[in-house]
Amino acid sequence: MPTVVYEKDGRIGRITLNRPEVMNAINTDLPRELEACVEQANDDKDVHAIVLSGAGDAFCAGYDLTAYAQNTSGKSQYGEGPWDPMQDYAFMMGNTQKFMSLWRSYKPVIAKVHGFAVAGGSDIALCCDLVVMADTAKIGYMPARVWGCPTTAMWVYRLGAEQAKRMLLTGDKIDGREAERIGLIHKAVPEADLDAEVERLAERMCTVPTNQLMMQKLMINQALDSMGLQNTQMIATLFDGITRHSPEGVNFKRRSEEMGWKQAVRERDLGTFDWTENRSINSAK
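Residues numbered from 1 in each chain as written. Predicted model: local features only at pLDDT ≥ 70, side-chain atom pairs only at ≥ 80, totals over all residues. Heavy atoms only, no water.

A. Structural view of the pattern of salt bridges. A full pass over the atoms with the stated rule returns 20 salt bridges. A salt bridge links D64 to R19, with the nearest nitrogen and oxygen atoms 3.3 Å apart. Of this pair, D64 sits in the loop between β3 (49–54) and α2 (65–68) while R19 sits in the loop between β2 (12–17) and α1 (30–43), placing them 45 residues apart in sequence. Under the relative-accessibility criterion, D64 is labelled buried at 11%. (Salt bridge = Lys/Arg side-chain N within 4 Å of Asp/Glu carboxyl O. Helix = DSSP H or I, 4+ residues; strand = E, 2+ residues; numbered from the N terminus. Buried < 20%, exposed > 50% of the residue type's maximum accessible area, 1.4 Å probe, protein only.)

B. Quick look at the sheet that holds β2. Across the sheet, 6 strands lie side by side as β1-β2-β3-β4-β6-β9; this open sheet has mixed pairing. Since the sheet does not close on itself, it has two edges, and those belong to β1 (4–9) and β9 (187–189), each with one partner. For this sheet, the mean angle separating the axes of adjacent strands, direction not counted, is 20 degrees. (Pairing = 2+ DSSP bridges. Axes fitted to C-alpha atoms, helices over the stretch in contact; angles between N-to-C directions.)

C. Structural context of the sheet that holds strand β7 (residues 138–140). In spatial order, the strands read β5-β7-β8; together these 3 strands make up an open sheet with mixed pairing. The outermost strands of the open sheet, each flanked by one partner alone, are β5 (116–118) and β8 (173–175). Adjacent strand axes in the sheet meet at a mean angle of 20 degrees when their direction is disregarded. One ladder, built from 3 bridges, connects β7 with β8; its direction is antiparallel. Bridging across to β8, K138 finds its partner in D175.

D. Here's a closer look at the side chain of N251. Locating N251 in the fold gives a position in helix α12 (residues 247–259). Judged by relative accessible area, which is 10%, N251 ranks as buried. Dropping the residues within four chain positions of it, N251 is found in contact with W275, T276 and N278. (Contact = heavy atoms within 4.5 Å.)

E. Representation of helix α9 (residues 194–205) within the structure. Spanning 12 residues, α9 covers 17 Å between terminal C-alpha atoms, matching the ideal 16 Å at 1.5 Å per step. Residues of α9 that are buried: L194, E197, V198, L201, A202 and M205. Seen from one end, α9 has its buried residues packed into an arc of 125 degrees, which puts them on one side. Exposed and facing more than 90 degrees away from the buried side of α9 are R200 and R204. Against the buried residues of α9 lie β2, β3, β4 (109–113), β6 (130–134), β9 and α10 (210–226). (Expected span 1.5 Å × (residues − 1). Arc of directions from axis to C-beta.)

F. Layout of the pairing of β6. Across the 5 residues that make up β6, a large majority, 4, are buried. Pairing of β4 with β6, which is carried by 4 bridges, proceeds in the parallel orientation. Counted as the bridge partner of K112 is V132 from β6. As judged from the 3 bridges shared by β6 and β9, these two strands associate in the parallel manner. Counted as the bridge partner of V132 is K187 from β9.

Have a look at this one:
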C-alpha cells in the first residue's frame, strides 16, 4: 500500500497520508511519496488547489518511533558504525526538502488537521500555506524536550520569536483553538465542520486563475526566503542530528529500547525523567 495517496477531484488535488494504523507516522517512504504527489498535482494544469489530510484518527503523529527510537538492531537508516553528522544531515535535509515541496508547490496547499499534527507531523502541516484544524485537535513539537529540533523551522516564521520560544522551550501541545488564537494556523472549527470549512476555502481558491495563485504565493514566500529561511533550516537540521546524539539523546534512545518508546515519550512529555542524569526525577541521586 502506498504511504501517501493522490486523487484529483475537479480542480482540487487531494493528498492523503495513508498509514492510519500508526496515525500516519513518518517512515522512510512517506516523505518521498508525499513529494511525488505534490509534483503530480503541480503537473496537472487543471488543478488549482491542493488539500492535504491524514487517513484514520490523526493527521500525522510524527516520525515512526518504533522504527527510529525503539530499534534495537544497532543499525540506523545510514547503516552501522559511529554517527556521521553529515550523513545524518543529508538524510534529514532530504526529508525536510521533501516536506518543503508543499511550501514550494506552485498550487496553494491547505492542511486539514484532525486528531494530532505533532513532532514531524507538525513540520508537514506547517509547510502548507494554510492550516485548518479541528478545535480539539492537537499540534506541537514535543521532541524539543529531548531528541529533536524542528528541521523546517516553520514555528518562528509563523509565530514570531516569543511565541515560537513558548512552544519550543516547553514542547507543549496546544489545541486548535489556542493555535488559532496565537496565529499559528488559519482557523479552528468543530471537527464536524472541518471538511466543509476546508472545502469552502479550497473551492474559493479554485475560482482564481492558476497563474494568479502562483504569483501571489511566490511573492509571499520570497519575503520569508529573504528573512533567511533556508539558512535557519540548515542550522535546525544540524541541531536535530545533535539532539539525537547528545548524552541526553542517547539516554532517550536507550530508554526507548529498554522500556518501549511509548513509556519514554510519556516520561519526556510529563517531565518525570532527568535525561542528563538518566534517572526518574523523583528517584534518589
